[in-house]
Amino acid sequence: MKRPDEMLFYVGTYSSAEHPSVYLCGLNPGSGEMRIIRGTAGIENPSYITLNRAENVLYAANEKDDGEVSAFTVDPETKELSLLGSRRTEGGAPCYVSVSPEGDYVFVSNYSGGNVNAFPVKEDGSLGEMSSQVRHAGKGFRQDRQEAPHPHSVTPASSGRRVLVCDLGIDRIVSYFYENGELARHHEAVLPKGAGPRHLVFHPSGKWLYCANELNCTVTIFAVGGQSGELEVLGHLSTLPEQYAAGSGDTAADIHISACGRFLYVSNRGHDSIVLFHIDESSGLPKAMDWQSTGGRVPRNFAIAGDMLLAANQNSGNITSFTIDGENGRLIPTGYELEVPSPVCIAPLK
């Protein structure tokens, strides 16, 4: 049961369907101490999870060769998950799932399948039959990682019925309108060769967008065009310290922005850190200020939960907690960690 003043969050992992793969956990927001409350089995490799706005349904991308997306009801009292059902994505290794701001569609990107799906949401939160699918074509600069399209995320804009797809394989962010469940290509932004766009985040003002590029460990900053939503490149910044000699194991992963819009964070695998950028309020341009060790190996994902940040270290099997300094955004380790097998996505409850 939930303890008084405890914050709750779900964790998606790499696990077989026979074992718990999504965990409900508790966080003490005063100390940073965490605990596992219960695990839910029944689906394989829920490597990305997200909640709808009402937080009564959780969606999971099941990262496997024959990809699926699953929906769970969330018990209003206990927060226990109950499987509503799953839909095939017709692509391999689905790695990202998102919900439209209106809650009427769910979107999935399939890394090895090269395709992006839209599914209508039924009244109970379960998914209807796929309403639209697009497949990307082409290849990128790096033969080892960009031999084909690899859509790594699909992020809805806050308005305008648009989604933006980061395609690591072709160095593009592709924008689609969606209307009546149909995805229609609108615009694409070109990244530097070998950048490998992975995840993106909008500034709370809606004026800027920041993209974490996995392969060259950079952040690209875009200005967002008013009604059109077209993207204009403003610059690129490294996510690694200037004096650090990056190797083949160094890749950027996740990206998030503080609610106030002043602090931008990106996780680095290999360097095993989270970099803090301060965002200029007039230009939107970030400046690297600090790097904080995540206290584990391969921080694939992290989440901001109130005044704390939780980092999921995939290869060391632990989640670490940090207090966010409200004045400067710096991450202060709480000294607490939680052992979870292969944690790869954190979805906090509000």
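Let us look at the structure shown here. All values reported here derive from a predicted model rather than from experimental measurement.

### Quick word on the pairing of strand E28 (residues 343–348)
Piece 1. Where burial is concerned, most of E28 is hidden: 6 out of the 6 residues are buried.
Piece 2. The pairing of strand E1 (residues 7–13) with E28 spans 5 bridges and is antiparallel. Counted as the bridge partner of Thr-13 is Pro-343 from E28.

### Description of unusual backbone geometry
Piece 1. In this structure, Arg-161 takes a positive phi of about 50° despite not being glycine.
Piece 2. Relative to the elements of secondary structure, Arg-161 occurs in the loop between strand E12 (151–156) and strand E13 (162–167).

### Some details on the packing of aromatic side chains
Piece 1. What the rule picks out here adds up to 3 aromatic pairs.
Piece 2. On the numbers, 4.1 Å between centres and 25° between planes, the contact of Tyr-48 with Tyr-96 is stacked. Within this pair, whereas Tyr-48 is found in strand E4 (residues 46–51), its partner Tyr-96 is found in strand E8 (residues 94–99), the two being separated by 48 residues in sequence. Note on accessibility: Tyr-48 and Tyr-96 belong to one class, buried.
Piece 3. Between Tyr-105 and Tyr-178, the aromatic rings sit 6.3 Å apart at their centres with planes inclined by 65°, giving edge-to-face as the arrangement. Of this pair, Tyr-105 sits in strand E9 (residues 105–110) while Tyr-178 sits in strand E14 (residues 172–179), and the two are 73 residues apart along the sequence.
Piece 4. Looking at Tyr-105, the relative accessible area reads 12%, which means it is buried.

What counts and what doesn't
Residues numbered from 1 in each chain as written. Predicted model: local features only at pLDDT ≥ 70, side-chain atom pairs only at ≥ 80, totals over all residues. Heavy atoms only, no water. Buried < 20%, exposed > 50% of the residue type's maximum accessible area, 1.4 Å probe, protein only. Helix = DSSP H or I, 4+ residues; strand = E, 2+ residues; numbered from the N terminus. Pairing = 2+ DSSP bridges. Phe/Tyr/Trp six-rings, centres within 6.5 Å; stacked < 30°, edge-to-face > 60°.

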